[in-house]
Every structure is written in C-alpha cells, then in structure tokens.
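Remarks on the overall topology
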Amino acid sequence: MSETKKPSRRILLRSGGGLITGTMLGMNSSVGAETENAAQADPSTGRRPTTLDTDYFKGMYATDPDPWRFASSAYERDKYAATLAALPRAHYGSALEVGCSIGVFTHQLCPRCDALLGLDVVPSVLEQARARCADCPNVSFRLNAVPGDWPEGRFDLILISEVAYYLDRPDLARLVSRVGGALLPEADIVLVHWLGVTHYPLSGDDAAEGFIAGAGGFARVLKQERTDQYRLDILRATKS
Ligand SMILES: C[S@@+](CC[C@H](N)C(=O)[O-])C[C@H]1O[C@@H](n2cnc3c(N)ncnc32)[C@H](O)[C@@H]1O
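Report follows, based on the coordinates.

Calculation criteria
Residues numbered from 1 in each chain as written. Predicted model: local features only at pLDDT ≥ 70, side-chain atom pairs only at ≥ 80, totals over all residues. Helix = DSSP H or I, 4+ residues; strand = E, 2+ residues; numbered from the N terminus. Buried ≥ 20, exposed ≤ 12 C-beta atoms within 10 Å, placed from the backbone. Contact = placed C-beta atoms within 7 Å. Core = buried A, V, L, I, M, F, W, Y, C linked by C-beta atoms within 7 Å. Domains from an automatic or database assignment. Pairing = 2+ DSSP bridges. Axes fitted to C-alpha atoms, helices over the stretch in contact; angles between N-to-C directions. Arc of directions from axis to C-beta. Near = placed C-beta within 6 Å. Nonpolar A, V, L, I, M, F, W, Y, C, P; charged D, E, K, R; others polar. Parallel < 35°, antiparallel > 145°, perpendicular 65-115°, else oblique. Left-handed = near helix turned anticlockwise from the far one by under 90°. Right-handed = clockwise from strand over helix to strand, strands pointing away. Expected span 1.5 Å × (residues − 1).

Brief notes about the overall build of the protein
A count of helical and extended segments in the protein gives 8 helices and 9 strands. Going through the 240 residues of the protein one by one, you find that 41% of them count as buried. Relative to all contacts within the protein whose residues are 6 or more apart in sequence, the contacts with residues 24 or more apart total 68%.

What follows is the structure in structure tokens.
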C-alpha cells in the first residue's frame, strides 16, 4: 500500500467520523493548536520535519481533555471495534499500548490481557487514563516518550495506534528497534493509522510501511485492513 496524495498544509481534523476543517469548526482551542503547529511545517513538503515533541501534545490537551474526541466520535468507536475484532488472539499475557492518551481504548482492551501497560507523554492524560481504567487492576500507565524512553519487559502484544506518524524517519527506525527487542515469541504488533492529510512528519501510509519494512527481520505481516479513513496492520513476531 502506498500513498499517492500530495502533501498539503490544509488542516483536517477528525470529528464524529467525518473530516472537518478548522475554519468550519470556528477554530476551537484544539484546532488552534493544530493550526499553530502546522504553521511550523516545511513549506515544500507541508510536513513538520522532525518528531513532534512532548510540548506539541501538551498544547493539544492544554484546553481540551479530549481533543481528538476519543470518547465520543463514531470514527474512534468504529476504529476501536475493528481493532479489537482484528486481534489475532482472544487473550494476551502482557500487552503494551504506545500513546494510550486518555485510556478509552485501553479500557476496552484490558479484559483481553493479563497485564496491560499504557504509555503517553502527557501527565494529565495519564491521570485521565488512570481514572477511566480504575476498574481494571491489570492496567498500569507510565510517562514515556518513545523511542527514547522505553519500558522494561517483554510483551506478546504491542499496539501502536495513531502514534508512529508523529515520529521522523530516524525515530521510527528507533521505535522499530525498540519493539523488536521487546517481543515475546510469536507476539503480535498492531499498527493503526489515520490516512487523512496532516502536517505530521509522516503520512499514515509512510509510517505503517516504514515500520513494516524496518521490522522485516523479526516480524511478518499477518493481516491488513484498509478503510477510506485508516489502515490497520497486524504483524507477528518471527523470532524472539
Ligand atoms: C492521536 S493520539 C492516539 C490515541 C490512541 N492511541 C488512539 O489510537 O486512539 C496520540 C497519543 O500519543 C501520544 N504520543 C505522541 N507521541 C508520543 C511518543 N513519542 N511516545 C508516547 N506517546 C506519544 C500523544 O500524547 C497522544 O496522547
């Protein structure tokens, strides 16, 4: 799969499963944050050239606890249902969710795991995630900015949903290496990425394809699904 779309600096956000522009929204605070961040994109590519740092995400959450509408949009609801349905195994022993945000998907995934660790870069979202998952004693959260900060342990499920495209190519390669070193035998790796136009360092297709190519030495593609809004890629570890 490859993207043929020309990069654009136009800001598109997801809302209720549809695409809306900042202008259409009347520029609420989160859209304002996205617009400001997009202004720092390279004019020739429309993309931010380097990994989006913690301040970017702190800005997104500063005035809106759920800027992407994880808890309320049809897009997220359907994407989460499709992700759960696509998991190759009914149950996992030790799962890692990179970029867990406010824990909406974490809460849905927790019954499928003995232990589940969620990572994010923003302290306030981890507080929300802890509160949302208070009834999940098997879930824990850590403040980690991948790939630089990576948790100890090995996992039979690693989920990277709507995170890899915030990394530049060198950091994506480091993430692949971190994941490769943290897999239990025959572990599953799940990638989910939105396919809309963004100013992020990578498109959804580039992030997923780059990850898959980099992981070729330790994982093979097991399953791929694509809608007009996102792609879902599942890899299976081929060696421990
Ligand atoms: C668009 S949200 C995706 C949330 C959730 N995974 C989903 O698919 O609905 C991206 C989240 O990843 C976090 N994030 C961004 N860069 C990160 C990094 N380098 N390490 C860990 N978390 C990161 C952000 O703070 C944000 O909460």
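Some remarks on the nonpolar core
If you look at the biggest cluster of nonpolar residues, it comprises 61 residues, and the most contacted ones within it are Ala95, Ile158, Ala164, Leu172, Ile189, Leu191 and Phe211. At 7 residues, the largest contribution of residues to this core is made by strand β7 (residues 183-194). Structurally, this core is a two-domain feature, drawing no fewer than three residues from each of domain 1 (12-62) and domain 2 (74-237). Dropping the residues within four chain positions of it, Ile189 is found in contact with Ile158, Val179, Ala219 and Leu235.

Observations regarding the sheet that holds strand β9 (residues 230-237)
Taking strand neighbours across the sheet as the criterion, the 7 strands line up as β5-β4-β3-β6-β7-β9-β8 in an open arrangement whose pairing is mixed. The sheet terminates laterally at β5 (139-143) and β8 (219-226), the two strands that pair on one side only. Neighbour to neighbour, the strand axes of the sheet diverge by 15° on average, direction disregarded. By the bridge criterion, 6 bridges tie strand β3 (residues 92-98) to strand β4 (residues 113-120) in an arrangement that is parallel. In the strand pairing of β4, Tyr92 is matched with Cys113. Strand contacts of helix α6 (residues 123-132): β4 and β5, with the helix running at about 175° to β5, the strand carrying the most contacts. Contacts from helix α8 (residues 204-214) reach β7, β8 and β9, with the element oriented near 10° to β9.

So, α8
Within α8 the residues assigned to the buried category are Gly204, Ala207, Ala208, Gly210 and Phe211. Viewed along the axis of α8, the buried residues span an arc of 165°, placing them on a single side of the element. Among the structural elements, α7 (169-180), β7 and β9 are those in contact with the buried residues of α8.

As for the site of the ligand
The full set close to the ligand counts 21 residues, and Phe57, Gly99, Ser101, Ser161 and Glu162 are the nearest of them. Residues that form the shell around the ligand fall into these classes: 14 nonpolar, 4 polar and 3 charged.

What to know about the packing of α7 against α8
With their axes 9 Å apart at the nearest point, α7 and α8 run at an angle of 50° to one another. As far as their axial angle goes, α8 and α7 are oblique. As for how α7 packs across α8, the hand of that crossing is right-handed. Residues Arg169, Leu172, Ala173 and Val176 of α7 form the contact with α8, whose own contacting residues are Ala207, Gly210, Phe211 and Gly214. Class assignment for the residues of the contact of α7 with α8 results in 5 nonpolar, 2 polar and 1 charged.

Topic: the pairing of β4
Across the 8 residues of β4, 6 count as buried, placing the element largely inside the fold. The handedness of the β3 to β4 crossover, carried by helix α5 (residues 104-109), is right-handed. Of the pairings in the sheet, the one linking β4 to β5 comprises 5 bridges and is parallel in character. If you follow Leu116 over to β5, its bridge partner there is Val139. The parallel pair β4 and β5, bridged by α6, forms a crossover whose chirality is right-handed.

Thoughts on the environment of Lys79
Its location among the elements puts Lys79 in helix α4 (residues 74-86). Classification of Lys79 as buried rests on a count of 23 C-beta atoms within 10 Å.

Points about α7
Every α-helix winds through 3.6 residues per turn, so residues three or four apart in the chain are directed the same way. The end-to-end C-alpha distance of α7 is 16 Å, a good match for the 16 Å that 12 residues give at a rise of 1.5 Å each. Taken together, the buried positions of α7 are occupied by Asp171, Leu172, Leu175, Val176 and Val179. Each buried residue of α7 lies within a common arc of 150° when the element is viewed along its axis, so the set occupies one face. Packed against the buried residues of α7 are β6 (155-161), β7 and α8.

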